[in-house]
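# Geometric and topological summary
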Amino acid sequence: MIDIKLIREKPDFVKQALLNRNQDTKIVDDILSLDVRFRNLTNQVNQLRSQRNAISKQVAQKKASGSSQEVEALMNEGKKIGEQIDSIESELKEIEQQINRLVLFVPNIPDSSVPIGKDETFNPEIRRWGEPRKFDFPAQAHWDLGPALGLMDFDRASKLSGSRFTVMYKDFARLERALMNFMLDLHTKEHGYTEVWVPHLVKRSTMTTTGQLPKFEEEAYRIEADDLFLIPTAEVPLVALRSDEILEEKELPLLYTAYTPCYRREAGSYGKDVRGMIRQHQFDKVELVWITTPERSFEDLEKLVSHAEDVLKRLELPYRVIQLCTGDLGFGAAKTYDLEVWLPSYNAYKEISSCSNDTDFQARRGNMRYRRKDGKLAFVHTLNGSGVAIGRTLVAVVENYQRPDGKIDVPKALQPYLGCEVLG
RNA sequence: GGAGAGGUGGCCGAGUGGUCGAAGGCGCUUGCCUGCUAAGCAAGUGUGGAGGUUUUCUCCACCGAGGGUUCGAAUCCCUCCCUCUCCGCCA
């Protein structure tokens with residue numbers, strides 16, 4: 001969440017940020033009017049409390065030295081003030097709850113370096129790497145190749161679980177596992193990340209820290225009996241790992257990586273990417289998370305992006321980097337780069353990683369602070385990025401490395417993990 | 001699922017109705033001392049909010065959360081949440 005003081009002191013700035021995100025600004029006015037009332041009542045109640053505290057002190061003194069009449073009078077006065085306090089407090093509490101609820105629905109402020117635009121058509125391309133392969137035979141989509149090889153099974157997947165699920169066998173199942181290990185090894189051995197193994201079911205408060213709740217509850221799978229949520233990304237447990245803690249400046253930045261499955265209801269994406277395993281209710285991903293300081297978080301984002309890019313470079317998959325404009329930015333993000341890999345079946349670049357600086361947005365929600373060298377406390381900054389989505393990487397490898405005979409060449413970087421040069 | 005214990009400042013830990021925002025210790029900061037390091041000595045050291053004469057100050061809140069009793073609650077009562085232990089079940 002953003003600092004309520006920012007709304008209080010620079011409401012026009014916040015409204016402009018919302019407009020840049022292509023969103024309604026009414027929420028700012030709603031919060032402002034509640035806040036005025038809140039501060040007004042706070043002052044009233046503080047004065048009354050101060051009076052009551054003074055009376056209570058006198059009671060204690062007079063009990064030892066004064067007359068019982070004096071004590072009686074003071075106690076009555078205190079009681080009257082107490083009644084006034086009670087009535088103001090109940091109103092105050094209600095207003096505070098409303099403010100807190102609303103503030104959780106305000107998105108992060110886009111960084112000043114983010115281009116302004118109303119939707120994804122305004123996302124600038126930052127750079128490209130590699131050349132899309134020219135096929136001298138009719139290239140197939142993975143949803144044709146996979147089943148033809150007997151390694152991908154969409155029919156039985158839907159028998160088991162419905163749409164947007166996949167079953168894989170033998171070499172493709174191994175490929176999934178190889179990619180997982182390849183990515184984790186790369187990030188831990190060469191990029192300095194600490195591998196973490198995390199729960200896949202998390203509490204409501206954990207999902208609130210990272211911003212999935214309360215606004216996007218309908219997109220998450222929820223276990224009703226225990227009010228637990230299936231994580232939509234390892235970002236959730238990795239970022240919240242250090243919530244409600246005070247870190248030392250010298251231990252920052254913390255670099256975490258984790259492999260997890262990701263579970264998404266994909267509500268509202270009907271008709272999108274319905275073929276193959278591009279958009280699934282369950283997919284594997286290796287996630288990268290930084291917990292860092294405000295001074296360096298934007299530089300760190302560049303590093304994080306380069307770590308995700310390194311995965312695609314080593315797999316020799318053509319990709320491009322785009323920056324999300326204000327209108328396309330996620331709820332918690334101040335700045336985001338997407339990596340898009342070349343997919344022959346789409347004849348286009350397709351998102352395979354999203355890397356964001358959430359600044360102090362998640363840190364405020366999760367109360368994640370650090371003690372600076374000068375002794376002051378400040379909120380940390382959190383970054384997250386896919387390093388990268390494994391299912392889509394498998395698709396990219398299968399489609400980009402396909403051969404005329406329908407089998408798949410294994411990228412050099414994966415050969416040690418698979419122990420062979422051809423799949424199928 | 002059954003039974004029990006517990007949640008106090010950065011950490012540990014005392015504190016059962018009135019100068020308790022909270023002893024003590026550790027840690028941290030600064031100074032002194034010291035060939036170096038360590039140790040030692042001294043002082044300081046919670047967070048948040050509102051206001052203001054805005055680098056000095058005042059007030060308020062906060063001892064898991066919420067309610068209650070009371071003139072007054074870390075302390076008493078109720079509800080909830082969380083953690084841990086033992087038993088049962090179980091990969």
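Cut-offs and rules
Position numbers for residues start from 1 in each chain and track the written sequence from start to end. Naming scheme: in the order in which they are written, chains are lettered from A and ligands are numbered from 1. Local features in this predicted model are restricted to residues whose pLDDT is 70 or higher, and side-chain atom pairs enter the listing and the counts only when it is 80 or higher, whereas totals over whole chains, interfaces and linings include all residues. The side-chain values count all of the structure's non-hydrogen atoms but skip hydrogen atoms and water molecules. If a single non-hydrogen atom of a residue is within 4 Å of a molecule or strand, that residue counts as near it. Polar contact criterion, stated in full: a pair of N or O atoms within 3.5 Å, where within protein one must be able to donate a hydrogen and the other to accept it, and residues adjacent in sequence count only if both atoms are side-chain atoms. Only DSSP runs of H or I with at least four residues qualify as helices, and only runs of E with at least two residues qualify as strands; both kinds are numbered from the N terminus onward. Each residue receives one of three labels: charged for Asp, Glu, Lys and Arg, nonpolar for Ala, Val, Leu, Ile, Met, Phe, Trp, Tyr, Cys and Pro, and polar for the others, Gly being one of them. Fitted lines through C-alpha atoms serve as axes, helices being fitted only where they are in contact, and the angles separating the N-to-C directions of these axes extend from 0 to 180 degrees. Throughout, the term roughly parallel applies to angles under 35 degrees, roughly antiparallel to angles over 145, roughly perpendicular to angles from 65 to 115, and oblique to all others. Definitions for this section: a left-handed crossing has its near helix turned counterclockwise from the far helix by less than a right angle. A right-handed crossing has that turn clockwise. Contact definition: two residues touch when any of their heavy atoms are within 4.5 Å. Per-residue accessibility, obtained with a 1.4 Å probe over protein chains only, is compared with the maximum for each type, and a residue is labelled buried under 20%, exposed over 50%, and partly exposed between these values. Should DSSP find at least two bridges between two strands, the strands are regarded as paired.

### Focus: the protein's contact with RNA strand B
Around RNA strand B, 22 residues are found, and the nearest of them are Arg 8, Asn 43, Asn 46, Lys 63 and Lys 93. With respect to RNA strand B, the side chain of Asn 46 contributes an N or O atom lying 2.5 Å from a sugar or linking oxygen. Between a sugar or linking oxygen of RNA strand B and a side-chain N or O atom of Arg 49, the distance comes to 3.1 Å. Of all elements in the fold, only helix 1 (4–9), helix 3 (26–65), helix 4 (68–103) and strand 14 (369–371) reach the threshold of two or more residues within the surface near RNA strand B. The element that contributes the greatest number of residues to the surface near RNA strand B is helix 3, accounting for 11 residues. Here the surface near RNA strand B is composed, by residue class, of 5 nonpolar, 6 polar and 11 charged.

### Focus on the packing of helix 7 (residues 170–189) against helix 10 (residues 297–314)
One way to put it is that helix 7 packs onto helix 10 with a least axis distance of 11 Å and a crossing angle of 130 degrees. On the basis of the axis angle, helix 7 is oblique to helix 10. Taken as a pair, helix 7 and helix 10 cross one another with a handedness that is right-handed. The residues of helix 10 that touch helix 7, namely those facing Phe 182, Met 183, Leu 186 and His 187, are His 307, Asp 310, Val 311 and Arg 314. Taken together, the residues of the contact of helix 7 with helix 10 break down into 4 nonpolar, 2 polar and 2 charged.

### A closer look at the pairing of strand 16 (residues 381–389)
When you tally the buried positions in strand 16, you get 9 out of 9 residues, the bulk of the element. By the bridge criterion, 7 bridges tie strand 10 (residues 282–292) to strand 16 in an arrangement that is antiparallel. Bridge pairing in strand 16 links Glu 287 to Ser 386. Across 3 bridges, the pairing between strand 13 (residues 348–357) and strand 16 is antiparallel. By the bridge assignment, Cys 355 is partnered in strand 16 with Gly 385.

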